[in-house]
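Working through the structure, step by step
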Amino acid sequence: MRITVDIDEKQLTAIRRATGQRKKSPAIRQALDEFVEERRRKRLLRKVLDGRTDYSLSNDELEALGTYDAD
């Protein structure tokens, strides 16, 4: 879908540098994807910290899988 968005030139430059993308559209798409993913992670972390999840694996079991994200 195409939309028109006004983005300050300094912000666009910062987005392009942060994403490593040279072109505007790919830089904005990547920045949006990363923003949404970060929000999802924070929402899940908040649920975990608040005890609102029912996750059956222990920390040792999770680490044994070797598939967790260590960011």
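If you're wondering where the values come from, they're calculated on a predicted model, not measured in any experiment. (Residues numbered from 1 in each chain as written. Predicted model: local features only at pLDDT ≥ 70, side-chain atom pairs only at ≥ 80, totals over all residues. Heavy atoms only, no water.)

**Topic: the layout of surface pockets**
The calculated volume of the second largest pocket comes to roughly 410 Å³. Lining the second largest pocket we find Met1, Arg2, Ile3, Thr4, Val5, Ile7, Ser25, Ile28, Arg29 and Leu32. A class-by-class count of the residues in the lining of the second largest pocket yields 6 nonpolar, 2 polar and 2 charged. (1 Å grid on protein atoms, 1.4 Å probe; cavity = no way out; pocket = protein on both sides within 12 Å on 5 of 7 lines; lining within 4 Å. Points joined across faces, edges and corners; volume = space filled by probe spheres on them. Nonpolar A, V, L, I, M, F, W, Y, C, P; charged D, E, K, R; others polar.)

**Some details on the pattern of salt bridges**
Side-chain pairs of opposite charge can arise whenever the charged atoms involved come near each other. In the structure shown here, the tally under the stated rule is 3 salt bridges. Taken together, the salt bridges that share partners define one network made up of Arg46, Asp50 and Arg52. (Salt bridge = Lys/Arg side-chain N within 4 Å of Asp/Glu carboxyl O.)

**As for the packing of helix α1 (residues 9–19) against helix α2 (residues 24–49)**
Packing of α1 against α2 leaves a shortest axis separation of 9 Å and a crossing angle of 75 degrees. The orientation of α1 with respect to α2, classified from their angle, is roughly perpendicular. For the pair α1 and α2, the contacting residues are Leu12, Ile15, Arg16 and Thr19 in the first and Lys24, Ala27, Ile28, Gln30 and Ala31 in the second. Here the residues of the contact of α1 with α2 are counted per class, giving 5 nonpolar, 2 polar and 2 charged. (Axes fitted to C-alpha atoms, helices over the stretch in contact; angles between N-to-C directions. Helix = DSSP H or I, 4+ residues; strand = E, 2+ residues; numbered from the N terminus. Parallel < 35°, antiparallel > 145°, perpendicular 65-115°, else oblique. Contact = heavy atoms within 4.5 Å.)

**Topic: a nonpolar patch on the surface**
Judged by side-chain polarity, Met1, Ile3, Val5 and Ile7 come together as a nonpolar surface patch covering roughly 490 Å² of accessible area. Topologically, Ile3 is positioned in the segment before α1. (Patch = residues over 30% accessible without salt bridge, like charges linked within 9 Å, V, L, I, M, F, W, Y side chains within 5 Å. Areas by Shrake-Rupley, 256 points an atom, 1.4 Å probe, with all protein chains shown as cover.)

**Looking at the confidence of the model for the protein**
Fine structural detail should not be taken from predicted coordinates in areas where pLDDT scores are low. Per-residue confidence for the protein gives a mean pLDDT of 89; residues scoring 70 or more make up 93%. Taken element by element, the predicted model of the protein shows its lowest mean pLDDT in helix α3 (residues 59–65) (81) and its highest in α1 (97). (pLDDT = per-residue confidence, 0-100.)

**Details of α1**
Backbone nitrogen of Lys10 and a side-chain oxygen of the N-cap are separated by 3.0 Å at the start of α1; the cap is Asp8. Just downstream of α1, Gly20 is the residue with a positive phi angle, here 80 degrees. (Polar contact = N/O pair within 3.5 Å; in protein donor to acceptor, adjacent residues only side chain to side chain.)

**Quick look at the side chain of Thr19**
Relative to the helices and strands, Thr19 is located in helix α1. Its relative accessible area of 13% is what places Thr19 among the buried residues. Within the structure, Thr19 has its side chain in polar contact with the backbone nitrogen of Gln21 (distance 3.3 Å). Leaving out residues up to four positions away in the same chain, Thr19 has contacts with Ala27, Gln30 and Ala31. (Buried < 20%, exposed > 50% of the residue type's maximum accessible area, 1.4 Å probe, protein only.)

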